[in-house]
Amino acid sequence: VDLQMQTRTKKRYYALVRLWSKTGFCWAGLTEKGLIAKTINTNRRFSWGHETPEILDIHSEPASLSFCKANPDVLAQLPAKYVLLIPGCSPLHPYKRWPADSYRALALKLGQMNIFSVVLGTNAEKQEIETICKGNPKAVNFCNKSALLDIPEIAARSMAIIGNDTGPQHMAELGTVPAITLFCDVTRRSAIYRPNITNLVGKEIADISVDTVFNALQSLWHKA
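Treat the numbers as computed from the prediction; the structure is a model and nothing was measured.

J.: Any chance you could break down the nonpolar core for me, citing the residues and the numbers?
T.: Core analysis: the biggest nonpolar cluster contains 29 residues, and Leu-85, Trp-98, Leu-106, Ile-162, Ile-180, Leu-182 and Val-213 have the highest contact counts within it. Of all the secondary structure elements, the ones that give two or more residues to this core are strand 4 (82–86), helix 3 (100–112), helix 4 (126–133), strand 6 (139–143), strand 7 (160–164), strand 8 (179–184) and helix 7 (210–223). Ranked by residues supplied to this core, first place goes to helix 7 with six residues.

J.: Hey, could you go over the sheet that holds strand 8 for me, with residue numbers and the actual values?
T.: Reading across the sheet, the six strands line up as 6-5-4-7-8-9 and stay open at both edges, with parallel pairing between neighbours. The open sheet terminates on both sides in strands that have one partner only, identified here as strand 6 and strand 9 (197–202). In this sheet, neighbouring strand axes are inclined to one another by 20° on average, regardless of whether the strands run parallel or antiparallel. One ladder, built from four bridges, connects strand 7 with strand 8; its direction is parallel. Paired with Gly-163 across the bridge in strand 8 is Thr-181. Most of the contacts of helix 3 go to strand 4, to which it runs at about 175°, and overall it touches strand 4, strand 5 (116–121), strand 7 and strand 8. Its contacts with the sheet put helix 7 on strand 4, strand 7, strand 8 and strand 9, and the angle it makes with strand 8 is roughly 150°.

J.: Account for the pairing of strand 8, naming residues and giving values.
T.: Here strand 8 lies mainly inside the structure; six of its six residues are buried. Regarding topology, helix 6 (residues 167–172) serves as the crossover connection from strand 7 to the parallel strand 8, and that connection is right-handed. Pairing of strand 8 with strand 9 involves six bridges; the strand directions are parallel. Residue pairing in the sheet places Leu-182 in a bridge with Leu-200 of strand 9.

J.: For the state of the cysteines, give the residues involved together with the corresponding values.
T.: All told, the structure shown has zero disulfides when counted by the stated rule. No disulfide involves Cys-133; its sulfur sits 9.3 Å from the nearest other cysteine sulfur, which is in Cys-143. With relative accessibility at 12%, the residue Cys-133 sits in the buried group.

J.: Got a sec to walk through helix 7? Specific residues and values, please.
T.: In this model helix 7 runs 20 Å from its N-terminal to its C-terminal C-alpha over 14 residues, within 8% of the 20 Å that 1.5 Å per residue would give. Restricting attention to buried positions, one finds in helix 7 the residues Val-210, Val-213, Phe-214, Ala-216, Leu-217 and Leu-220. Mapping the buried residues of helix 7 onto a view down its axis gives an arc of 160°, with all of them on the same face. Opposite its buried face, helix 7 presents the exposed residues His-222 and Lys-223, each directed more than 90 degrees away. On its buried face, helix 7 sits against helix 3, strand 7, strand 8 and strand 9.

J.: I'd like a description of the packing of helix 3 against helix 4, backed by residues and values.
T.: Relative to each other, helix 3 and helix 4 sit at 35°, their axes nearing to 8 Å. Considering only the axes of helix 3 and helix 4, their crossing is right-handed. Side by side, helix 3 and helix 4 meet where Ala-100, Asp-101, Tyr-103, Arg-104 and Ala-107 of the first sit next to Glu-128, Thr-131 and Ile-132 of the second. In terms of residue class, the contact of helix 3 with helix 4 is built from four nonpolar, one polar and three charged.

J.: So, the packing of helix 3 against helix 7: which residues are in play, and what are the values?
T.: Relative placement of two packed helices is described by the angle separating their axes and the distance separating the axes. Look at helix 3 against helix 7: their axes get within 9 Å of each other, and the N-to-C directions meet at 45°. Between helix 3 and helix 7, the interaxial angle falls into the category oblique. Handedness of the crossing formed by helix 3 with helix 7: right-handed. Contacts between helix 3 and helix 7 involve Ser-102, Ala-105, Leu-106, Lys-109 and Leu-110 on the former and, on the latter, Val-210, Asp-211, Val-213, Phe-214, Leu-217 and Trp-221. Here the residues of the contact of helix 3 with helix 7 sort into eight nonpolar, one polar and two charged.

Reading the values: rules and limits
Residues numbered from 1 in each chain as written. Predicted model: local features only at pLDDT ≥ 70, side-chain atom pairs only at ≥ 80, totals over all residues. Heavy atoms only, no water. Core = buried A, V, L, I, M, F, W, Y, C linked by side-chain atoms within 4.5 Å. Buried < 20%, exposed > 50% of the residue type's maximum accessible area, 1.4 Å probe, protein only. Helix = DSSP H or I, 4+ residues; strand = E, 2+ residues; numbered from the N terminus. Pairing = 2+ DSSP bridges. Axes fitted to C-alpha atoms, helices over the stretch in contact; angles between N-to-C directions. Contact = heavy atoms within 4.5 Å. Right-handed = clockwise from strand over helix to strand, strands pointing away. Disulfide = S-S within 2.5 Å. Expected span 1.5 Å × (residues − 1). Arc of directions from axis to C-beta. Left-handed = near helix turned anticlockwise from the far one by under 90°. Nonpolar A, V, L, I, M, F, W, Y, C, P; charged D, E, K, R; others polar. Parallel < 35°, antiparallel > 145°, perpendicular 65-115°, else oblique.

None of this, on its own, says anything about what the molecule does.
Listed below in structure tokens is the structure:
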């Protein structure tokens, strides 16, 4: 399943998957219409295979990531009531990062409501995470404290998920928890469309205000 439906992903992996597959495989991607799946029959020689597009309804049932089992020691570090913040993305694409100061201001707003912010990431966003958590006792620095397979359960226990256009964010938002993903105009095509998700787009990602995100979060909670 290609979560982001990026052209570069298909260029890198489609041919390899086809060559590795002895009988066939299903290449699926999330779109506004649902999960569009193409079944590839690799038994046909001298051909890229027969493609049978099928639209699967993913709006009524959440995608299952039940195979992702979190480490209990990781879950034990989480506060009882929190919003999950995912402020990172590939270091090669800094234009996809909502400013750390904006995340910090949002975390402070949540703290005033007695809601913790768990800030997820790795060394690639260590500086941003430290900025977000600085001077905020309600912000939990979760840098390098979790693995990829921990994310779905961390997200499922949260009150909401807010993050940039990045793999961990797209994993987290595939449950039923209210989620907000932030895009610049260039990357908006990576958006996932589900009832629990709000996609906010600015010409530049820094154009999205803290109040816009906070108000969208309250709207999602109201719907829930």
